[in-house]
Amino acid sequence: MKFTLSWLKTYLNTDATTAQIALALNNVGLEVESVLDAAAALADFKVAQIVEATQHPNADRLRVCKVDTGSEIIQVVCGAPNARAGLKTVLGRPGMVVPANGMVLKLSEIRGVKSEGMLCSVEELGIGGASEGIMELPENAPVGAPFAPIIGLDDPVFDIAITPNRSDCFGVLGIARDLAAAGLGELIAPNKAKIAPKITNTIALKVDVPQPNWCPLFSGRLITGVKNGPSPQWLQDRLTSVGLRPISALVDITNFFTIDRCRPLHVFDADKIAGNLTIRAAHEGEVLEALDGKPYTLAPNMCVIADDAGIQSLAGIIGGMATGCTEGTVNVFVESALWDTYNIAKTGRALGIHSDARQRFERGVDPKSTFDGLDAATQMILDICGGQASELVKIGNYPDDDRLIIFPTSEVKRLTGVNMPEFEMKMTLQALGFYIGNINSDEWRIAPPSWRPDIGGKADLVEEIIRIVGLDRVAATPFPRLPIINKPVLTLRQTRMRIARRTLAAQGYHEAVTWSFISQPEAELFNGNVAELTLENPISSELSVMRPNLLAGLLGTIARNQARGFMDAAVMEVGSVFLGRTPEDQKTFAASISLGQPQGRHWADKGDVADVYRIKEQAYAMLAALGFNAETAQLSTQNLPAHFHPGRSAALKLGKTTIGYFGEIHPSIAQHYDIAGRPIALEFDLEAIPAPRKKPTKARAKLQLNPLQAITRDFAFMVGADVKAGDVQRAVQKADAHITNVRLFDVYSGKGKISLGLEVTLQPQDKTFTQAEIEAMSAAIVSAAAGVGAMLGG
């Protein structure tokens, strides 16, 4: 919600500064997102007058100007074609920063002539587009004064965030009411317009909706003989200051009251209305050509305003092109109504229409503003556009508002701990528009104002009082320190998610947070159950299916980076995947993708730096970080997911449970994402990993430091292509009790055979090994390897 200081002061009599107003807004719960104060930003730029302008002696397009700053005459070299004697313009002095480009002005010498400042254009000052020369100020501008207030830049623009419950603060009047209640000034109530009808309304109204709450009240007024043209400058300035584009007087007036009093209105060209107006449900397949130039296909659960020719407006959201006002409009029908918040929100969301009217109606507009807003808009139309108005016509009435809250004054103390005099509570609530009865008792009967539909109970009243008087009056109370050590509060799932993030980050991965939705083709690539996971109301066609795998989003991240020239990447994500519609089908996974590419045209670049062996090492590191011995894990190449390369990937198992996969992404998947290179991926199902035992089944082994020197022996075993290196390692590990480590350090393939180089570490316990003992252990190693098909090679 945007508004200017001058707009606020039409309803708030205050001398508060911009900073004081911003602080007060934050204190009452209207969070200030930004304050744009052009006058403060440009305060150092002053009005100056050129008293003499002569040709530069060494440049045809430059002029040497004598400039009066108000306190002295200085010399400035200027290249603007309109630099002339007598012109009042804007001067920047050395040390100041040019807003448009951030350049710091300095004393300089231009083509041999000293220049002591800069004469500025609107483009350089950042307050306009391209310009042909320096800025020209009015002749009566005082020399030496700041220029911004002279051209109307002294009106700060506030941008505040409105919580969904504060629909009244979508109008400047509601914001002023809160600030006045907080003691920042006096509220100026708007004058009620009194319209004397001079013509008779000829447009009848009818409400024919399936549910009465769709439109409890519809009113309007016919105005004839108007002249629609550009708005007065003050009205155009008000709208442009908050980012709205002036269109015409009739349209601008309705937009003004939407911002001014949170009262959306609509103006029909009465001559284009066929017959009378009916509020009804749309027919299946009806199309509205809206004022935004787009056609919208409607459904029977949407409320519309129609005439005998068809739909002319989508109720409470947007008008139709057919009855829109133009420069030729002479007679108009001004509509002011109440609409069902739920129906407005559902319709706007289904059609993807975001309008100021929808924003307010779906949160709740003050019912009592229906007639007052219509009268005020009518008066402004008569003042600006002329014409004659009819009587106000309506159908329906204000909805019943029987909210009455029994409020014990002790609630403030009970809920906030603040001792507050009852007269202060009373003054605060009354300033906010609440009616209070039974003031002389300990229980007040309080009726909320019509513009506060969010107030429904005692706690709401306490909140209203305390936010206005100040949360700083609530004393800080520390929690008591418990005499015991608290038990861990994180669940196993949360703990594993943290461990996974830290482990992958330690491996050099950057964390990404990708969409939980992907496109249908991507879901099919990862064997997603597209029928069950398709969204009914997707954000876009590219985000229409819940993701069955984290790798889909990470591959998209890799592709986008490569498209921007970053060919190598390492990204990871820990989050949820969706395998079906039930809660049990939501699983927690950790995934990573790395892709190494040459960094440039250099002889030392080796190509891909990520390979299957490195990702296997990372998978084992993850398993160890989660508290499992990597040596107990088994690798399997059976039943691998289709998105992994069948010959360059493996499943990681603990017993019979598959807990993850690692390896190279299938080339067809990489080709689908247009990724150059061979991405290597890792994915863990964090929920499939067995939970640790609550009590350990055996004590941790004692630390034993052996003073005897270990020895290593290298073995080269010849195996067939069907023999797994891991099986050979495990067999060798079990060959003798003195073997403490078996490491694969070399693999060589040729002539249908594979040579595996194993480094075996032998650790003596009581005494050093004899040669005979070493030979016996070596023979046992060779024999154990032969048992799994590995023969000692040469």
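For the structure itself, consult the block above.
My aim in this report is to walk through the structure given alongside it, one point at a time. Just so we're clear, the structure is a prediction, and the values are computed from it rather than from any experiment. (Residues numbered from 1 in each chain as written. Predicted model: local features only at pLDDT ≥ 70, side-chain atom pairs only at ≥ 80, totals over all residues. Heavy atoms only, no water.)

1. Focus: the overall build of the protein chain
Step number 1: Looking only at helices and strands, the protein chain features 20 helices and 40 strands.
Step number 2: Considering only C-alpha atoms, the protein chain reaches an extent of 120 × 85 × 65 Å along its principal axes.
Step number 3: A total of 794 residues make up the protein chain; the buried ones form 45% of that total.
Step number 4: Residue pairs in contact within the protein chain that sit at least 24 positions apart in sequence constitute 68% of those at least 6 positions apart.
Step number 5: Total accessible area on the protein chain is roughly 41100 Å²; 52% of this is exposed by carbon and sulfur atoms.
Step number 6: Computed over 77 positive and 86 negative side-chain charges, the inter-centroid distance for the protein chain is 7 Å. (Helix = DSSP H or I, 4+ residues; strand = E, 2+ residues; numbered from the N terminus. Buried < 20%, exposed > 50% of the residue type's maximum accessible area, 1.4 Å probe, protein only. Contact = heavy atoms within 4.5 Å. Areas by Shrake-Rupley, 256 points an atom, 1.4 Å probe, with all protein chains shown as cover. Lys, Arg positive; Asp, Glu negative; His and termini not counted. Charge placed at Lys NZ, Arg CZ, Asp CG, Glu CD.)

2. Observations concerning the pairing of strand 35 (residues 657–665)
Step number 1: Where strand 34 (residues 644–654) lies against strand 35, seven bridges are found, and the strand directions are antiparallel. By the bridge assignment, lysine 653 is partnered in strand 35 with threonine 658.
Step number 2: As paired strands, strand 35 and strand 36 (residues 680–685) are joined by five bridges and run antiparallel to one another. Counted as the bridge partner of glutamate 664 is isoleucine 680 from strand 36. (Pairing = 2+ DSSP bridges.)

3. Some remarks on helix 5 (residues 233–241)
Step number 1: The set of residues buried in helix 5 consists of Leu235, Arg238 and Leu239. For helix 5, the angular spread of the buried residues around the axis is 90°, confining them to a single face.
Step number 2: Its buried side turned inward, helix 5 meets helix 1 (5–8), helix 6 (249–261) and helix 9 (369–385).
Step number 3: Within two residues after helix 5, glycine 243 carries a phi angle of roughly 90°, on the positive side. (Arc of directions from axis to C-beta.)

4. Considering the environment of glutamine 494
Step number 1: Relative to the elements of secondary structure, glutamine 494 occurs in helix 13 (residues 492–506).
Step number 2: Along the primary structure glutamine 494 and aspartate 442 are separated by 52 residues, whereas in three dimensions their C-alpha atoms are 49 Å apart.

5. A look at the sheet that holds strand 31 (residues 569–578)
Step number 1: Sheet architecture is open: seven strands sit in the order 28-31-32-36-35-34-33, paired in mixed fashion. Pairing within the sheet leaves two strands with one partner each, and these edge strands are strand 28 (510–511) and strand 33 (634–636).
Step number 2: Across the sheet, helix 13 lies against strand 28, strand 31, strand 32 (586–595) and strand 36, angled at about 165° from strand 31, the strand it touches most.
Step number 3: Against the sheet, helix 17 (residues 612–625) makes contact with strand 32, strand 33, strand 34, strand 35 and strand 36, and its axis sits at roughly 20° relative to strand 36, the strand it touches most. (Axes fitted to C-alpha atoms, helices over the stretch in contact; angles between N-to-C directions.)

6. What to know about the nonpolar core
Step number 1: Within the largest apolar cluster, 72 residues are counted, with the highest numbers of intra-cluster contacts made by Leu8, Ile21, Leu25, Ile160, Ile175 and Leu179.
Step number 2: It is helix 4 (residues 172–181) that provides the largest number of residues to this core, a total of seven residues.
Step number 3: Sequence-distant contacts of isoleucine 175, defined by excluding residues within four places in its chain, comprise Met1, Phe3, Leu8, Leu25, Leu30, Ile160 and Cys169.
Step number 4: In this structure, Phe218, Ala315, Phe333 and Ile353 belong to the second largest nonpolar core, which totals 38 residues. (Core = buried A, V, L, I, M, F, W, Y, C linked by side-chain atoms within 4.5 Å.)

7. Here we look at the pattern of salt bridges
Step number 1: Here the structure, examined in full by the defined rule, presents 26 salt bridges.
Step number 2: Across the pair lysine 192 and aspartate 372 runs a salt bridge whose closest N-O atoms are separated by 3.8 Å. Pair noted here: lysine 192 is in the loop between strand 12 (186–187) and strand 13 (205–208) and aspartate 372 is in helix 9, with a separation of 180 residues, a long-range link.
Step number 3: What makes lysine 192 exposed here is its relative accessible area of 65%. (Salt bridge = Lys/Arg side-chain N within 4 Å of Asp/Glu carboxyl O.)

8. With respect to the packing of aromatic side chains
Step number 1: The full count for this structure, using the stated rule, is ten aromatic pairs.
Step number 2: Ring geometry for tryptophan 234 and phenylalanine 256: centres 5.9 Å apart, planes at 90°, overall edge-to-face. Of the two residues, tryptophan 234 is situated in helix 5 and phenylalanine 256 in helix 6; the sequence distance between them amounts to 22 residues.
Step number 3: Seen in terms of ring centroids, phenylalanine 715 and phenylalanine 717 are 6.0 Å apart; in terms of plane orientation they differ by 10°. Their pairing is stacked.
Step number 4: Take phenylalanine 717: its relative accessible area is 0%, and that puts it in the buried class.
Step number 5: In textbook terms, an aromatic cluster arises when at least three aromatic residues are bridged by ring pairs, as seen for Trp7, Trp234, Phe256 and Phe257.
Step number 6: The ring of tyrosine 398 carries lysine 368 above its face, with NZ or CZ at 5.7 Å from the centroid. (Phe/Tyr/Trp six-rings, centres within 6.5 Å; stacked < 30°, edge-to-face > 60°. Lys NZ or Arg CZ within 6 Å of the ring centre and 35° of its normal.)

9. Digging into unusual backbone geometry
Step number 1: Not every positive phi belongs to a glycine, and cysteine 262 is a case in point at roughly 55°.
Step number 2: Along the polypeptide, cysteine 262 turns up in the loop between helix 6 and strand 15 (266–269).
Step number 3: On the accessibility criterion, cysteine 262 (5% relative accessible area) is buried.
Step number 4: Positive phi values are uncommon outside glycine, yet asparagine 639 reaches one of about 55°.
Step number 5: Among the secondary structure elements, asparagine 639 is positioned in the loop between strand 33 and strand 34.

10. Observations concerning the sheet that holds strand 11 (residues 157–161)
Step number 1: Taken together, three strands build an open sheet; the order of strands is 1-11-3 and the sheet is antiparallel. The open sheet is flanked by strand 1 (2–4) and strand 3 (31–36), the only strands paired with a single partner. Ignoring strand direction, the axes of neighbouring strands in this sheet form an average angle of 25°.

11. So, the packing of helix 11 (residues 422–431) against helix 12 (residues 458–469)
Step number 1: Across the interface, helix 11 lies against helix 12 with an axial gap of 10 Å and an inter-helix angle of 95°. Here helix 11 lies roughly perpendicular to helix 12, going by the angle between them. Contact with helix 11, carried on its side by Glu424, Met425, Thr428 and Leu429, involves Leu461, Glu464, Ile465, Ile468 and Val469 of helix 12 and no other residues of that element.
Step number 2: Tallied by class, residues from the contact of helix 11 with helix 12 come to six nonpolar, one polar and two charged. (Parallel < 35°, antiparallel > 145°, perpendicular 65-115°, else oblique. Nonpolar A, V, L, I, M, F, W, Y, C, P; charged D, E, K, R; others polar.)

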